[in-house]
2 protein chains.
Amino acid sequence: MINIQLLNKDFESRVRLGIMSILMVRDWVEFKELKELLDITDGNLASHAGALEKNQYLQVRKEFVGKKPRTTYAVTQLGRKSFQDHLAALEKLLGQP
Amino acid sequence: MINIQLLNKDFESRVRLGIMSILMVRDWVEFKELKELLDITDGNLASHAGALEKNQYLQVRKEFVGKKPRTTYAVTQLGRKSFQDHLAALEKLLGQP
């Protein structure tokens, strides 16, 4: 049996794979930079980042710089562990001969 | 920029990753065996296999063995190429330091 149940449905979408990939290697990245790195719309990023935050994979910091709001993201410990598990399951599934 | 657009949305779901992974290494697998290998329901497999067939990634053979219908699947050339491209994009995205 091939254990696709080990793949985490929360990370299925390519946008979420992209967000997590970036935040696994960088702490506190701004919304605007994430959006540009992934080349996606505001709405698309907000929706997927919101889902990841809701599942406690991301932590979010909202602050003001002068009068401009700034939103930044970082992975939580749960997010890091869950994404590592997901990658391990992906490798196991896709790495078979 | 991280090119998540190279990831193929048709292969996002873990069920489709599972179906394609099996059919990349085996020709003509029966519906019943695929279902057992992936440990999913009839409806779930039928829905995702149907979507892959519609996009011409899979070819389907329907026949009768005695009075019992038998459905078998194999990847098409397009399916093989598209999935290989998807895996390459995944590796590129997730393999970064």
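Thresholds applied
Throughout this document, residue positions are counted from 1 along each chain, in the order its sequence is written. Written order determines the labels here, with chains lettered from A and ligands numbered from 1. In view of the model being predicted, local features appear only for residues whose pLDDT reaches at least 70, and side-chain atom pairs are presented and counted only at 80 or more, with totals across whole chains, interfaces and linings using the full set of residues. Side-chain figures throughout are based on the complete set of non-hydrogen atoms in the structure, without hydrogens or water. UniProt positions are given in the numbering used here, feature names are shortened, and annotations may be inferred rather than shown by experiment. The numbering of helices and of strands both runs from the N terminus, where a helix is a DSSP run of H or I of at least 4 residues and a strand a run of E of at least 2. Criterion for a salt bridge: a side-chain nitrogen of Lys or Arg within 4 Å of a carboxyl oxygen of Asp or Glu. Working definition: with a 1.4 Å probe on protein chains only, accessible area under 20% of the residue-type maximum means buried, over 50% means exposed, and in between means partly exposed. Strand pairing is assigned whenever DSSP detects at least two bridges linking the two strands. The fit set for superposing copies consists of C-alpha atoms from residues with pLDDT of at least 70 in both; the fit itself is least squares. Contact between two residues is taken to exist if any of their heavy atoms lie within 4.5 Å; hydrogens are not considered. Lining residues are those with an atom within 4 Å of a point, where the points come from a 1 Å grid over the protein atoms alone and group into cavities, where a 1.4 Å probe fits but cannot get out, or pockets, open sets with protein on both sides within 12 Å along at least five of seven lines. Grid points are joined across faces, edges and corners, and a volume is the space filled by probe spheres set on the points. Three classes are used: nonpolar for Ala, Val, Leu, Ile, Met, Phe, Trp, Tyr, Cys and Pro, charged for Asp, Glu, Lys and Arg, and polar for all others, with Gly counted as polar. Side-chain rings of Phe, Tyr and Trp (the six-membered ring for Trp) are treated as a pair once their centres are within 6.5 Å; stacked means planes under 30 degrees apart, edge-to-face means over 60, and tilted covers the remaining angles. Any Lys NZ or Arg CZ that is within 6 Å of a ring centre and within 35 degrees of that ring's normal is treated as a charge sitting over the ring. To get an axis, fit a line to the C-alpha atoms, keeping to the stretch in contact for a helix; angles then go from 0 to 180 degrees between the N-to-C directions. Put simply, angles under 35 degrees are roughly parallel, angles over 145 are roughly antiparallel, angles from 65 to 115 are roughly perpendicular, and the rest are oblique.

> So what about the UniProt feature "domain: Winged helix DNA-binding" (unreviewed entry) in chain A? Which residues, and what values?
Mapped onto this numbering, the UniProt entry gives "domain: Winged helix DNA-binding" (unreviewed entry) at residues 15-94 of chain A. Secondary structure across residues 15-94 of chain A comprises 62% helix and 22% strand; the distance between its end C-alpha atoms is 20 Å.

> Would you mind going over the pattern of salt bridges in detail, with residue names and values included?
All names here are of chain A. Counted under the stated rule, the structure contains 12 salt bridges over all chains. Between lysine 32 and glutamate 36 there is a salt bridge whose closest N-O contact spans 3.2 Å. A residue pair is termed a helical-turn pair when its members lie 3 or 4 positions apart in one helix, as lysine 32 and glutamate 36 do in helix α2 (residues 31-38) at four residues. Relative accessible area serves as the criterion here: at 47%, glutamate 36 is assigned to the partly exposed category.

> So what's going on with the sheet that holds strand β3 (residues 68-75) of chain A? Residues and values would help.
Residues and elements named next belong to chain A. Read across the open sheet, the three strands follow the order β1-β3-β2; overall the sheet is antiparallel. A single partner strand is all that each edge strand has here, and the edge strands are β1 (29-30) and β2 (58-65). One ladder, built from eight bridges, connects β2 with β3; its direction is antiparallel. Bridge pairing in β3 places leucine 58 opposite valine 75.

> Describe the relation of the copies chain B and chain A, and please don't skip the residues or the numbers.
Once chain B is rotated about the relating axis by 180 degrees and shifted along it by 0.0 Å, it coincides with chain A to within an RMSD of 0.0 Å. These values place the two chain copies in the arrangement generated by a two-fold rotation axis. When each C-alpha of chain B is compared by its distance to the rotation axis, glutamate 12 of chain B comes out closest, at 2.8 Å. Of the residues that chain B buries at the interface, 100% are likewise interface residues in chain A, meaning the two copies contact each other through the same surface.

> Hey, could you go over empty space enclosed by the protein for me, with residue numbers and the actual values?
Tallied over the full model, the rule gives one cavity of 30 Å³ or more. There is about 120 Å³ of room inside the largest cavity. Listing elements by their share of the lining of the largest cavity, those giving two or more residues are α1 (14-25) and α4 (77-94) of chain A together with α1 (14-25) and α4 (77-94) of chain B. Of the residues assigned to the lining of the largest cavity, the class counts are eight nonpolar, three polar and four charged.

> Any details on the packing of aromatic side chains? Residues and values, ideally.
Residues and elements named next belong to chain A. In the structure shown here, the tally under the stated rule is six aromatic pairs over all chains. Ring geometry for phenylalanine 11 against phenylalanine 83: centres 5.1 Å apart, planes inclined by 85 degrees, an arrangement best described as edge-to-face. Of this pair, phenylalanine 11 sits in the segment before α1 while phenylalanine 83 sits in helix α4; the two residues are 72 residues apart in sequence, bridging distant segments of the chain. Classification of phenylalanine 83 by relative accessible area gives buried; the value is 1%. A centroid spacing of 6.5 Å and a plane angle of 40 degrees characterise the contact between phenylalanine 31 and tyrosine 73, whose relative ring orientation is tilted. On the criterion of sequence distance, the pair formed by phenylalanine 31 in helix α2 and tyrosine 73 in strand β3 is long-range, its members being 42 residues apart. The same class applies to phenylalanine 31 and to tyrosine 73, which are both buried. Through a chain of ring-to-ring contacts, three or more aromatic side chains come together here, namely Phe11, Tyr57 and Phe83. Stacked on the ring of tryptophan 28, the Lys or Arg arginine 61 has its end atom at 3.8 Å from the ring centre.

> Before we move on, can you summarise the packing of α1 of chain B against helix α3 (residues 42-54) of chain B with the specific residues and values?
To describe two helices that pack against each other, one gives the angle between their axes and the distance between the axes. Residues and elements named next belong to chain B. The N-to-C vectors of α1 and α3 enclose an angle of 70 degrees; their axes lie 10 Å apart at closest approach. Between α1 and α3, the interaxial angle falls into the category roughly perpendicular. For the pair formed by α1 and α3, the contact residues are Val15, Arg16, Ile19 and Met20 on the first element and Asn44, Leu45, His48, Ala49, Ala51 and Leu52 on the second. Along the lines of polarity and charge, the residues of the contact of α1 with α3 split into seven nonpolar, two polar and one charged.

> Tell me about the pairing of β3 of chain A, and name the residues and values.
Residue and element names in this part refer to chain A. Inspection of the sheet shows β1 paired to β3 by two bridges, in the antiparallel sense. If you follow valine 29 over to β3, its bridge partner there is tyrosine 73. As consecutive antiparallel partners, β2 and β3 are separated by two residues, and within that stretch glycine 66 has a phi angle of approximately 65 degrees, a positive value.

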